[in-house]
Amino acid sequence: MPVHNTDIATCFNTLADLLEIEGANTFRVRAYRNAARTIAGLPQRAADMVAEGEELSSLPGIGKDLAEKVAEIVTTGKLQLLQEVQSRTLPELTTLLHLPGVGPKRVQALHQELGIGSLEELEKAARKGKLRQLPGFGKQTEQRILEALEQQKGQAQRIKLIAAEEPARALETYLQGVKGVQELVIAGSYRRRQETIGDLDILVTCKKDCQVMERFVNYEEVHHVMARGTTRSTVVLQSGLQVDLRVVPQVSYGAALHYFTGSKAHSIAVRKLGQNKQLKINEYGVFRGNKRIAGRSEEEVYAQVDLPYIEPELREAQGEIEAAQHHKLPTLVTLEDIRGDLHAHTNATDGRNRLEEMAQAAQAKGYQYLAITDHSQRLSMTNGLDAKRLAQQIDAIDRLNAKLNGFVLLKAIEVDILEDGSLDLPDDILKALDFTVCSVHSKFQLSQQRQTERIMRAMDNPYFTILGHPTGRLIQERAPYDVNMERLLQAARQRGCFLELNAQPARLDPPAMYCKMAKEMGVKMAIASDAHSVNDLDLMRFGIGQARRGWLEADDVINTRNWNALQKLLTRQ
DNA sequence: GCCGTTTTCGGCCCGACTGTTTTCAGTCG
């Protein structure tokens, strides 16, 4: 069975968590985490590299030992060391570790003092007020843990879009190889580029006697089959991901695709429009009485209710049908519209690659420019730049630019917005830059008023250009900090500032609704990868998906412009 | 556990913040 890079990364991360709880050498723990990051960020499969005899130990953070462990996972499907560690602790302890305010030491204390080994046991103990009695714990910690547990319950088991891509593509390739398969598309929230995915909905059309259903349920990664029929089957993969496969005749392809892409609310709205015209719309087509009058393509289905084609990312029943009726649908931005990336780190701070490597990779993608935005001094854990080091980087970029042809590295920084709204570096060095990305990395707990005013004060600085990851949220991990986005957007428009749309799959920040709000309020956005390595530049596609869900057009996005035009935009009056 | 090397072991991002203490451990990024 092919082992995905994410499987290997999960394996190493779990091991790192358990070792950390056991009190293992922190650098050893870090080595496993680094390796997980390296493997997860590889453009090709580690399994293939092993099969082809490539030297994994040449990868950063992978030495002889970890290369062997990768090979072990790839060939045996498991890691003996992980099994050993799991057998002497409680595997579920890692779930405790991911609660905010709970680290390895506290997990250890909970486990040893109270015998807690699961979230359920933790909640029970917290409700009884037992946590506060432990040394190092207190009333507030106990309360915080209870709140976090409560918040977790509200969330269904969904995975981030990026985590769905690898199994989705693998399955896609596998099924496309089945003889007789014609159309094949992954519909559902995956096609709508939602931030998280609950399950995969695969739609297939095929010739008679096609073995696709048979091949599907016998896919080597299937853990168990939940349902199996001639037109629909449901399986659960080893990873826990649920996958539905539906087979429809070619004449129903468009109707089925529309139906299974959703959203549910959008489908219902379209069906209602049909009802008004005495039409019945289901996954097999558009019917007048018993006669199928459309359904081969999605365009056909929409046409029957007098609508133009609506892009999947817009199908949330949030105004797209009305917009379509009034011919006011946006022409959504595409990856091909992007001329450059406006947020990237180098190994001067917490990035992996050197300036030259980042420049080369961006140029190879066909970009005209790439902004280098390393961290500022406040973020000491990333080795953030002080004014002196930034000045050196500026010189280095100037020298490099002199050698580059048809491509330019932009001089910028991701500068921290401090608690009082000042920026983390003096104006006279910020002045020397092409622009700034200004971000909040601390004091997430401020009240809405204080947080909003903190950022607005920062925007008062004439060298503030782009507000980085505007809400600070991490999908399924950290709630956004509390800001009044409308006030921020107003302030941004008045001062000529922009909002970033951070394309990191764990961020996708801000959420689509705020992108739409920005567009409506006339604030343009910068879609940026926040790359920490050359491979990360490819994350731009997730930002594009989010931008499209936020109704953004090429004109709403500043990095669809060439450098000359962008330069004019970035200059504040 | 990786890396680099003065080649065989020492260093590996570390400061701020929080809630707990009463001088600091644990967590976070």
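Scroll up to find the structure this text is about.
In this text, all values refer to a predicted model and were calculated from it rather than measured experimentally.

Calculation rules
Residues numbered from 1 in each chain as written. Chains lettered and ligands numbered in written order. Predicted model: local features only at pLDDT ≥ 70, side-chain atom pairs only at ≥ 80, totals over all residues. Helix = DSSP H or I, 4+ residues; strand = E, 2+ residues; numbered from the N terminus. Rg over C-alpha atoms; globule rule 2.2 N^0.38 Å. Buried ≥ 20, exposed ≤ 12 C-beta atoms within 10 Å, placed from the backbone. Near = placed C-beta within 6 Å. Expected span 1.5 Å × (residues − 1). Arc of directions from axis to C-beta. Contact = placed C-beta atoms within 7 Å. Right-handed = clockwise from strand over helix to strand, strands pointing away. Pairing = 2+ DSSP bridges.

### Observations concerning the overall build of chain A
Then, in step 1: Looking only at helices and strands, chain A features 24 helices and 17 strands.
Then, in step 2: For 573 residues, the compact-globule estimate of 2.2 N^0.38 gives 25 Å, and chain A sits close to it at 26 Å.
Then, in step 3: In terms of overall dimensions, chain A has a C-alpha envelope of 75 × 65 × 55 Å along the principal axes.
Then, in step 4: Going through the 573 residues of chain A one by one, you find that 43% of them count as buried.

### Points about the protein's contact with DNA strand B
Then, in step 1: Taken together, 35 residues lie around DNA strand B, and G63, G103, R106, G138 and M381 are the ones closest in.
Then, in step 2: Of all elements in the fold, only helix 2 (26–40), helix 4 (64–76), helix 7 (104–114) and helix 9 (139–153) reach the threshold of two or more residues within the surface near DNA strand B.

### A word on helix 18 (residues 387–403)
Since the α-helix packs 3.6 residues into each turn, any two residues three or four apart lie on the same face.
Then, in step 1: For helix 18, with 17 residues, the first-to-last C-alpha span of 25 Å sits near the 24 Å given by 1.5 Å per residue.
Then, in step 2: Looking at helix 18, one finds that the buried residues are L390, Q393 and I397. Relative to the axis of helix 18, the buried residues are bounded by an arc of 55 degrees and lie together on one face. Within helix 18, the exposed residues directed more than 90 degrees away from the buried face are K388, Q392, D395, D398, R399, A402 and K403.
Then, in step 3: Tucked inside the fold, the buried residues of helix 18 contact helix 17 (355–364), strand 12 (369–375), strand 13 (408–416) and helix 19 (427–430).

### Some words on the pairing of strand 13
Then, in step 1: For strand 13, a buried count of nine out of nine residues is recorded, marking the element as mostly surrounded by other parts of the structure.
Then, in step 2: Because side chains alternate across strand 13, one face comprises the buried residues V408, L410, A412, E414 and D416, and the other comprises L409, K411, I413 and V415, equally buried.
Then, in step 3: Crossover connection from strand 12 via helix 18 to parallel strand 13: handedness right-handed.
Then, in step 4: As judged from the three bridges shared by strand 13 and strand 14 (residues 437–439), these two strands associate in the parallel manner. Paired with E414 across the two strands is V437, which belongs to strand 14.

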